[in-house]
Amino acid sequence: VLRCLGIPTRVITNFNSAHDKNLNLSIDKYVDVSGNTLHLSEDSVWNFHVWNESWFVRRDLGSFYDGWQVLDATPQEKSKGIYQCGPASTRAIKEGDVNLDYDSPFVFAAVNADCVTWIRYSKKRKERIYSDTRKIGKFISTKAVGTNSRVDVTANYKYPEVKEISFKIPYSQYKNPLMDDRKILVTAV
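A quick note: this is a predicted structure, and the numbers were derived from the prediction, not measured.

Calculation criteria
- Residues numbered from 1 in each chain as written.
- Predicted model: local features only at pLDDT ≥ 70, side-chain atom pairs only at ≥ 80, totals over all residues.
- Heavy atoms only, no water.
- Phe/Tyr/Trp six-rings, centres within 6.5 Å; stacked < 30°, edge-to-face > 60°.
- Helix = DSSP H or I, 4+ residues; strand = E, 2+ residues; numbered from the N terminus.
- Buried < 20%, exposed > 50% of the residue type's maximum accessible area, 1.4 Å probe, protein only.
- Lys NZ or Arg CZ within 6 Å of the ring centre and 35° of its normal.
- Pairing = 2+ DSSP bridges.
- Core = buried A, V, L, I, M, F, W, Y, C linked by side-chain atoms within 4.5 Å.
- Contact = heavy atoms within 4.5 Å.
- Axes fitted to C-alpha atoms, helices over the stretch in contact; angles between N-to-C directions.

Let us look at the packing of aromatic side chains. Per the counting criterion, the structure on display carries five aromatic pairs. Relative to Phe 48, the ring of Phe 15 lies with its centre 6.3 Å away and its plane at 50°, an arrangement referred to as tilted. Pair noted here: Phe 15 is in strand S1 (residues 9-19) and Phe 48 is in strand S4 (residues 44-56), with a separation of 33 residues, a long-range link. Taking the relative accessible area as the measure of exposure, Phe 48 reaches 47% and is therefore partly exposed. Ring plane angle 90° and centroid distance 5.1 Å describe the contact between Phe 64 and Tyr 65, whose orientation is recorded as edge-to-face. Overall, Phe 64 belongs to the partly exposed group, its relative accessible area being 39%. If you follow Lys 94 out to its NZ or CZ, it ends over the ring of Tyr 159, 4.5 Å from the centre. Sitting over the face of the ring of Trp 118, Lys 126 holds its NZ or CZ atom 4.3 Å from the ring centroid.

Burial of strand S2 (residues 26-31) is extensive: five of the six residues sit out of reach of the surface. Judged from the six bridges that link them, S2 and strand S9 (residues 114-120) form a sheet pairing that is parallel. Note that in S9 the partner of Ile 27 across the bridge is Cys 115. Two strands pair when backbone bridges link them, and S2 and strand S3 (residues 37-38) are joined in this way by two bridges, in the antiparallel orientation. Across the sheet, the residue bridging to Val 31 is Thr 37, located in S3.

Turning our attention to the nonpolar core. Of all hydrophobic cores here, the largest spans 13 residues; its most connected members are Trp 51, Ile 93, Val 107 and Tyr 157. Among the elements that make up this core, the one with the highest residue count is helix H2 (residues 104-112) (four residues). In contact with Ile 93, other than residues within four places in its own chain, are Ala 88, Ser 104, Val 107, Phe 108, Val 111 and Tyr 157. If you look at the next biggest cluster of nonpolar residues, it comprises six residues, including Ile 27, Ala 113, Cys 115 and Ile 136.

Examined bridge by bridge, S1 and strand S11 (residues 138-143) share two bridges and lie antiparallel to one another. Note on S11: the bridge partner recorded for Phe 15 is Lys 138. Summarising the sheet, S11 and strand S12 (residues 150-152) pair through three bridges and their orientation is antiparallel. Bridged to Ser 141 within S12 is Asp 152. In this antiparallel pair of consecutive strands, S11 and S12, the connection spans six residues, and Gly 146 shows a positive phi of 80°.

If you walk across this open sheet you meet the four strands as S3-S2-S9-S10, and the pairing is mixed. The two strands at the open ends of the sheet, each matched to only one other strand, are S3 and strand S10 (126-132).

What follows deals with the sheet that holds S12. Spatially, the six strands line up as an open sheet ordered S8-S5-S4-S1-S11-S12, and their pairing is antiparallel. The open sheet has two edge strands, strand S8 (88-89) and S12, and neither has a second partner. Those strands touched by H2 are S1, S4, strand S5 (67-71), S8 and S11, and its axis lies near 70° from that of S1.

Of the consecutive residues Gly 86 and Pro 87, the connecting peptide bond is found in the cis state with omega at 5°. At Leu 23, a position not held by glycine, the phi torsion is positive, near 55°. Within the fold, Leu 23 resides in the loop between S1 and S2. Classification of Leu 23 by relative accessible area gives partly exposed; the value is 46%. Although it is not a glycine, Phe 139 sits at a positive phi angle of roughly 50°. Examined against the element boundaries, Phe 139 turns out to sit in strand S11. Its relative accessible area of 52% is what places Phe 139 among the exposed residues.

Below, the structure written as structure tokens:
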């Protein structure tokens, strides 16, 4: 319909799409002290989810948020009392501006939530034991114009994941400066 009105629109597919039911920006899994899964959260991770993007000027949010906007024609959660999602600025999603209207926190979580595992000791006590910050929002894609090729638009939604760099420093070389600094606790292995 939007294309018929002359509004640029495209279909977007997000792989490993988070469904953050409670809008805490994480997908929470709970286990007991024996490692058995406790069904305490309605959060889930879908293999993929599809929505539309349309190109809008955002006078309501300011020109910083002009450009591609997420519109989900198949929302699974109510927003302001009705089933709707968007228009959420992809710029807001990328910048983590989750306090804006139009379902920015839900879309942010869909592409960038952390998957967190908790041990639940009691109703009042839990402990985070694992957090996967890279699982959600993979290969966010659209179809190329004029061909059946995939175009990766992940960079429109999130910054690149930080890569871990491993390096070794001889303990004897840095022992005294580090201990004098008291900023880093050095433990010999």
